[in-house]
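Residue-level structural notes
What follows is each chain in one-letter form.
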Amino acid sequence: MKVVEEEQRIRVMEGPWDAVSVIREIVESGQQEDPFYVFDLGEVVARYHKWKATMPRVEPFYAVKCNDDKLLLTTLAALGTGFDCASRAEIETVQQLGVRPERIIFANPAKMASHMRHAAAAGVRTVTFDSETELMKLKQYMPEAKLVIRIRCDAAEAQCPLGIKFGCDPVADAPRLLKLAAVLQLEVVGVSFHVGSGARETAVYARAIHFARALFDMGACVGHVGMRLVDLGGGFPGNHDTSIDEVAEVINEALELHFPERSVQVIAEPGRYFAAAAYTLAAVVHSKREVVSKLEDSDVAETSTMYYINDGVYGSFNCVLYDHQHVVAEPLREHDDEPLLPCSIWGPSCDSLDCVITDTRMPPLAVGEWLVFRDMGAYTLPVASPFNGFPVPRVRAVIDHGLWGIVKELWPLTEGHFMIGGRMTGPQREASPSPPPVLLEPHIPNGQQNHRALFVECALK
Ligand SMILES: Cc1ncc(COP(=O)(O)O)c(C=O)c1O
């Protein structure tokens, strides 16, 4: 049994619980002062199941950049997803988990030579490109690569548009690049796009899939007769109050219309979808200050409270600046019938840019009171820094006992990843050697499919 580091262990939760009750337990132990995350593996498993149920043709290749927490990657690898890596380090990280190179797409259209050499040596073959320069580099460093042309097709509105940086024009540029690739004797196998992260338009996927079809046909005319991959990129919603039902309907319909042939493999690179809702952050109010300000265009003065918490925009809340997230703070303690008063929430650093929420209303909070922030798993942790001496929050991973019985042996998860009982803050013993009752016997068809993924799907139905 592989034994993993103490802080990487996943606590098996018995009885009724949710992320907030776990936070409460940790806080009430009196030993926690720093901010921390609760990571619920069950949320990732449920989302994987939902994805497979709504878009059975589309294989998720998780975008590592969104959150590279090892336990999240290990969980996704156990479920059988592939991975979208943008760099040498990301490739190394997922390969260290035992992920095979065929399950990796090197989806950075502007790659560094050293990273390309590493990818080639590591056996990673599928790569994206969107320019002549990249084709020349691929010829030099990865001549055996399976190329995927990245086109630009932007959602009408997105939290983080990506088309301004990557993606060639599907009409003006792509045909020329396909011809050049053929002249260079490079093999183009597919088309990819990214409509923008946090896309707020679903019809854009239909437009992009239509472009992909046209480029498959054009590619065949210039010699790329083996085109067989459509990569839908990311852009899928991830917060608790969102759903992929509508976007899945658009995608399924467009695939049926333009790519009815099952020989075409369809993948996507969801990041936010898997990571956002699985992580809940807890941070504590360590200082506060009353300020009086005049209301705009009036002589009326308003008192407002500035709350200072121990995580800020240089830590988890970098997402406010870089990912344009609007975070919502909820007091951990109940405040029955107390008035909601004007306030702002600030991070711990000595920088005035370090503002988490500029203007909101909360019940009066005491110093030492904890705040909970949901949906904090996407584009938070990998960017956070300990600037000014404030530590990046640690992750406390949890899983429901029933689900543990199902996933604990889905490699690369092992029994050594889990622990049962004990307090969340202190040392915890390893999972008991005698396994709890398994909910369902795995049904593994002879040599077909991905057994592990199927196992989880069956068990969750
Ligand atoms: C190439 C690529 N694929 C996938 C993603 C993940 O996107 P999302 O988190 O919107 O699913 C990104 C995000 O920037 C990206 O650059």
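Residues numbered from 1 in each chain as written. Predicted model: local features only at pLDDT ≥ 70, side-chain atom pairs only at ≥ 80, totals over all residues. Heavy atoms only, no water.

You'll find the chain entered in an unreviewed UniProt entry as ornithine decarboxylase, with Eumeta variegata given as the organism. Its UniProt record gives the chain a comment under Pathway (unreviewed entry), which states: "Amine and polyamine biosynthesis; putrescine biosynthesis via L-ornithine pathway; putrescine from L-ornithine: step 1/1." UniProt, in its Subunit (unreviewed entry) section for the chain, records the words "Homodimer. Only the dimer is catalytically active, as the active sites are constructed of residues from both monomers." (UniProt positions renumbered as here; feature names shortened; annotations may be inferred.)

1. Examining the pairing of strand β16 (residues 341–346)
For β16, a buried count of five out of six residues is recorded, marking the element as mostly surrounded by other parts of the structure. For strand β14 (residues 301–309) and β16, the ladder comprises four bridges, and the chain directions are parallel. The residue bridging Thr305 from the neighbouring strand is Cys343, located in β16. Examined bridge by bridge, β16 and strand β17 (residues 355–362) share five bridges and lie antiparallel to one another. Considered in β17, the bridge of Pro342 is made with Arg361. (Buried < 20%, exposed > 50% of the residue type's maximum accessible area, 1.4 Å probe, protein only. Helix = DSSP H or I, 4+ residues; strand = E, 2+ residues; numbered from the N terminus. Pairing = 2+ DSSP bridges.)

2. What to know about the side chain of Asp84
If you trace the backbone, Asp84 turns up in strand β4 (residues 82–85). The contact partners of Asp84, leaving out residues within four places of it in the chain, are Phe61, Tyr62, Ala63, Val64, Lys65, Glu90, Ile105, Ala107 and Glu269. (Contact = heavy atoms within 4.5 Å.)

3. Observations regarding the pairing of β4
Judged by which residues are buried, β4 turns out to be covered on both faces: Gly82 and Asp84 on one side and Phe83 and Cys85 on the other are all buried. In this structure, strand β3 (residues 58–63) lies alongside β4, joined through three bridges in parallel fashion. Bridging from a neighbouring strand, Ala63 pairs with Asp84 of β4. Following the backbone out of β3, through helix α3 (residues 70–79) and into the adjacent parallel β4, one traces a crossover that is right-handed. (Right-handed = clockwise from strand over helix to strand, strands pointing away.)

4. Quick look at the confidence of the model for the chain
A residue-level look at the chain finds 90% of positions with pLDDT of 70 or above and a mean pLDDT of 91. Note that residues 1–6 has pLDDT below 50 and, in this model, 14 contacts with residues that lie over four places away or in other chains. This model gives residues 425–451 a pLDDT under 50, and the stretch forms 48 contacts once residues within four places in sequence are excluded. (pLDDT = per-residue confidence, 0-100.)

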